[in-house]
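Chain and residue survey
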Amino acid sequence: MASLEQKDQKVVFGLDIGTRSVVGTVGYMNEGKFNVIAQAVEKHQTRAMLDGQIHDIGKVGMTIKMVKESLEQQTDIHLTDVCIAAAGRVLKTVRTTYDYEYQDAHDITDEDIYNLDSAAVEKAYAEFLSKNTSGIKFYLVGYSVMHYYLDGYQIANLEGHNAGKVSVELIATFLPDDCVDGLYKACERAGLMVANLTLEPIAAMMVAIPDRFRMLNLALIDVGAGTSDICVTDDGSITAYGMLPLAGDDITEIIAQHCLVDFNSADEIKIAASHSDKVEYVDIMGLTKTITTKEITKVIKPKVDEMAKKAVEEIKRLNGDRAVSAVFVVGGGGCVPGYVKAIAKEMDIPEERVALRGEEVMKEIVFLNNNGIEKDSLLVTPLGICISYYEEANNFIFVSFNGTQTKIYDNGKLQIVDAAMQAAFPNEDLFPKRGEELKFTVNGKERTSRGEPGEAAVITLNGKPADIHTKIHANDIIDVTPSTAGAPGKAVIEGIPEFKTKFNVNVDGKNVEASRYATVNGQLQTPLYSIQPGDEVKVLDYNTAAQIAELLDIELTEDTVIMVNNERGDKDTPVYENFKVEFKSQDDMIMDYYKDYPTAEEVAIRQENEEAIENKEEAAKIVEDANGHLSFDAAPDTEVYEKEEAEPVKNILAHDLHVVVNNDPVTLHGKADYVFVDVFDAIDFDLSKPQGRSVVTILNGGTPDYLQSIKEGDKIEVYWK
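Here the structure is a predicted model, which is why all the values come from computation and not from measurement.

**A look at the overall build of the chain**
Per the secondary structure count, the chain includes 15 helices and 44 strands. The long-range fraction of contacts in the chain, counting pairs at least 24 apart against all pairs at least 6 apart in sequence, stands at 62%. Carbon and sulfur atoms form 48% of the exposed surface of the chain, whose accessible area is close to 39300 Å².

In structure tokens:
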């Protein structure tokens, strides 16, 4: 039994729980280098794991226990805490795009960008759940932004820009609870507690691609037995993860069928072929056979090419549909002949930019005891699991969110917003919500009045005020009171821009500025009317004569005569811009009518002149001279007056007559009495240009005489036949 305790020795115990085997490593970090004290490898006795997923917790737990005991024997250290990695196979990624449009131009802040990303992740999670019918709970492990867009154009950084519409395209990564639960329980069966959980692609990256290279756009493929795990780096960080259910076991199955051997024997043939030119084996018939590496390469080539093609397709998808600069391959499945060259061909990059990583990336690894372990690509992930303990120290932690215990994957950067998302707390309840929009129409065009912003969520962490970006740790107590919605949108008629405009009319010879009126759903409303959802507002482009009178405090009585553009109107007659309006009494109308009449004195003088002329004409005689000629002889001593052309005297009883001709209203002017023939002076009907054999005339349904009197309101028809 081991005499030393792990916590006292400050060593790290890492397990790479793979599909075909379990690799254990014990070591410690010293002056930037990881020192390996001991390593142990045990293969699963049965296929207790498939494609990176534990199928038999008990049997996997037994294999882990065997590795643990082997390492305890080598180190004399009692191992209690272990670091593990989840296979890329269980990762679920969702690529989505989220758009947000601001009502007004807006300067983008870091908080706006975070809110945009959070909304996109929430959308990705919703899309994932809509397709996930397993009922398994998933945890957000991380997300990677592919592109930002500003008003439809791709942009590197939104912060500080003034925008109306912003968009983000990202890939979100989720980890299922059952996978994590299986790993944890298998370790518990071996008497171990999980100290750190990472992802296999991250662990492999820790060793295969040092930090100084991660500024480059690179890809790593960890080809295991059951899965090919992929991750992509750019700008100093891991930007995306992916997984393919194609790996070493698919090649092993082809060799088993070709050589007619069991699965384990085929796996041994595959491994041996990567180190020698030919391999000897015994098939299921008991016959000893030999196969060359060249023949094995030819047999597995179609599957190798398929694996390479799909791996490159996944890398490009994760990298924004573009090739990476270089590819590193680790894992036993990547050692098969032809795989590295096939990757280079599919990626269309030089072969020297695709490399199988092994001992050359372990310069910062010190092996204190060699124990015959070969330093190849199979050790990259196991060592990375140990190193990730110092780099990340990730695990699942529990926090209390609004009284409910919530399990979260701790990536070392957890904030309250992450706990809210894991607890399925609505994202919109974290931020101030605007009140309901008021939607209506003005002159047939849609209008919207935005609601007022409400209050932000009230957040406390362990009883102290906090915000969504406050860092959280294990066992923290988080309480969030949802944000509130503001008042709904409001609008009144007097606030409508069209209503505020005025127009000019001429009233009794003076220019007047008239205000607008508006109807709502066909009913006239005051300027202070509060517009309701769905209201149809119409801002009128005219006033009625009565409204003009009200504007000028003109009292309208029964005696008032309204004239609009010199035509007689009434209170409801529309008055448009630049119209002429007159308000007069009956007396004013009579006085206006007679203002051009001659005075009584002028009439008397004119009558005297006319009588004198008539008398002179009667006195004139026709005289015949001696020759028989006739001549005019004026009366003696009588002055001859030149007859002046007298102006016609208006009839003081003249009035307008309103009739209907051919269904159109017609007004006759200037006479005391009207006869049927007067209608032709008021209508467009040219008797000199016949349009038929005869003119048909009808008066109130009967046939009139041309000199027949007509009266107010008569209905007349005139047409050619």
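The structure having been displayed, the exposition proceeds.
**A closer look at the side chain of Ser167**
Structurally, the position occupied by Ser167 is in strand 12 (residues 162-176). A distance of 2.6 Å separates the side chain of Ser167 from the side chain of Asp99, its partner in a polar contact.

**Considering the pattern of salt bridges**
One pass over the structure, following the stated rule, counts 15 salt bridges. For Lys270, the salt bridge identified is with Asp267, shortest N-O distance 3.3 Å. Of this pair, Lys270 and Asp267 both sit in helix 7 (residues 263-273), 3 residues apart, which is roughly one turn of the helix. By relative accessible area, Lys270 is classed as buried at 11%. Exposure remark for Asp267: the relative accessible area of 7% places this residue in the buried category. Among the charged side chains, a network of salt bridges with common partners joins Lys303, Glu306 and Lys310.

**A short note on the nonpolar core**
One finds Leu15, Ile17, Ile64 and Ile84 to be the most contacted residues of the largest nonpolar core, which totals 67 residues. Leaving out residues up to four positions away in the same chain, Ile17 has contacts with Val22, Met49, Val60, Ile64, Ile84, Leu183, Cys187 and Glu200. Counting residues in hydrophobic clusters, the runner-up holds 42 residues, among them Val223, Ile251, Cys259 and Ala344.

**Observations concerning the sheet that holds strand 41 (residues 655-661)**
On the basis of which strands lie adjacent, the open sheet formed by 4 strands has the order 42-41-44-43 and mixed pairing. Since the sheet does not close on itself, it has two edges, and those belong to strand 42 (664-671) and strand 43 (695-699), each with one partner. Along the sheet, successive strands turn relative to each other by an average axial angle of 30°, direction set aside. With 2 bridges joining them, strand 41 and strand 44 (residues 715-720) adopt parallel strand pairing. Along strand 44, the bridge assignment pairs Val661 with Ile716.

**Some words on helix 9 (residues 339-347)**
For helix 9, the full list of buried residues reads Tyr339, Ala342, Ile343, Ala344 and Met347. The elements touched by buried residues of helix 9 are strand 14 (218-223), helix 8 (293-318), strand 19 (326-330) and strand 20 (354-356).

**Quick notes on the packing of aromatic side chains**
This structure, assessed with the given rule, holds 8 aromatic pairs. Geometrically, the ring pair formed by Tyr576 and Phe579 is edge-to-face, given 5.6 Å between the ring centres and 70° between the ring planes. You can call Phe579 partly exposed: its relative accessible area is 24%. Put simply, the rings of Phe676, Phe680, Phe685 and Trp720 touch in pairs and so form one group of aromatic residues.

**A word on the packing of helix 6 (residues 248-259) against helix 7**
Orientation of helix 6 relative to helix 7, taken along the N-to-C sense of each, is 105°, at an axis distance of 8 Å. Judged by the angle between their axes, helix 6 and helix 7 are roughly perpendicular. For the pair formed by helix 6 and helix 7, the contact residues are Gly248, Asp249, Ile251, Thr252, Glu253, Ile255, Ala256 and Cys259 on the first element and Phe263, Ala266, Asp267, Ile269 and Lys270 on the second. In terms of residue class, the contact of helix 6 with helix 7 is built from 7 nonpolar, 2 polar and 4 charged.

**Considerations on the sheet that holds strand 33 (residues 536-539)**
Ordered in space as 25-24-33-31-32, the 5 strands form an open sheet in which the pairing is mixed. What marks the edges here is a single partner per strand, and that holds for strand 25 (445-449) and strand 32 (523-525). For this sheet the average axis-to-axis angle between neighbouring strands, irrespective of direction, equals 35°. Where strand 31 (residues 518-520) and strand 32 come together, 3 bridges link them in antiparallel fashion.

**Observations regarding unusual backbone geometry**
Although it is not a glycine, Glu31 adopts a positive phi angle of roughly 50°. Here Glu31 shows up in the loop between strand 3 (21-30) and strand 4 (33-43). For Asn663, which is not glycine, the phi dihedral falls at a positive 70°. Note on placement: Asn663 falls in the loop between strand 41 and strand 42. By relative accessible area, which is 72% here, Asn663 ends up exposed.

**A look at the packing of helix 5 (residues 200-208) against helix 10 (residues 380-391)**
Where helix 5 meets helix 10, the closest approach of the two axes is 7 Å, and the angle between their N-to-C directions is 90°. Between helix 5 and helix 10, the crossing angle belongs to the class labelled roughly perpendicular. When helix 5 is examined against helix 10, the residues Glu200, Ala203, Ala204, Met206, Val207 and Ala208 are found in contact with a partner set consisting of Val380, Thr381, Leu383, Gly384, Ile385, Ile387, Ser388 and Glu391. When its residues are assigned to classes, the contact of helix 5 with helix 10 shows 9 nonpolar, 3 polar and 2 charged.

**Quick word on the pairing of strand 29 (residues 503-507)**
With burial as the criterion, only one face of strand 29 is covered, namely that bearing Phe503, Val505 and Val507; the residues Asn504 and Asn506 on the opposite face remain uncovered. Summarising the sheet, strand 29 and strand 30 (residues 510-514) pair through 5 bridges and their orientation is antiparallel. Bridge pairing links Asn506 to Asn511 in strand 30. Following strand 29, the chain reverses through 2 residues before pairing antiparallel with strand 30; Asp508 in that reversal takes a positive phi of roughly 50°. Across 2 bridges, the pairing between strand 29 and strand 38 (residues 580-585) is parallel. What sits directly across from Val507, in strand 38, is Val581.

**Let's talk about a nonpolar patch on the surface**
On the surface, Leu260, Ile284, Met285 and Leu287 cluster together into a nonpolar patch covering about 420 Å² of accessible area. Structurally, Ile284 is set in the loop between strand 17 (278-282) and strand 18 (288-292). Relative accessible area serves as the criterion here: at 57%, Ile284 is assigned to the exposed category.

**Description of the pairing of strand 44**
Bridging between strand 43 and strand 44 involves 5 bridges; their strand directions are antiparallel. Opposite Val695, over in strand 44, you have Trp720 as the bridge partner.

**Thoughts on the confidence of the model for the chain**
The predicted model of the chain has a mean per-residue pLDDT of 83, with 88% of residues at 70 or higher. In this model residues 634-651 is a low-confidence stretch, pLDDT under 50, and it forms 21 contacts with partners more than four residues away in sequence or in other chains.

Conventions we followed
Residues numbered from 1 in each chain as written. Predicted model: local features only at pLDDT ≥ 70, side-chain atom pairs only at ≥ 80, totals over all residues. Heavy atoms only, no water. Helix = DSSP H or I, 4+ residues; strand = E, 2+ residues; numbered from the N terminus. Contact = heavy atoms within 4.5 Å. Areas by Shrake-Rupley, 256 points an atom, 1.4 Å probe, with all protein chains shown as cover. Polar contact = N/O pair within 3.5 Å; in protein donor to acceptor, adjacent residues only side chain to side chain. Salt bridge = Lys/Arg side-chain N within 4 Å of Asp/Glu carboxyl O. Buried < 20%, exposed > 50% of the residue type's maximum accessible area, 1.4 Å probe, protein only. Core = buried A, V, L, I, M, F, W, Y, C linked by side-chain atoms within 4.5 Å. Pairing = 2+ DSSP bridges. Axes fitted to C-alpha atoms, helices over the stretch in contact; angles between N-to-C directions. Phe/Tyr/Trp six-rings, centres within 6.5 Å; stacked < 30°, edge-to-face > 60°. Parallel < 35°, antiparallel > 145°, perpendicular 65-115°, else oblique. Nonpolar A, V, L, I, M, F, W, Y, C, P; charged D, E, K, R; others polar. Patch = residues over 30% accessible without salt bridge, like charges linked within 9 Å, V, L, I, M, F, W, Y side chains within 5 Å. pLDDT = per-residue confidence, 0-100.

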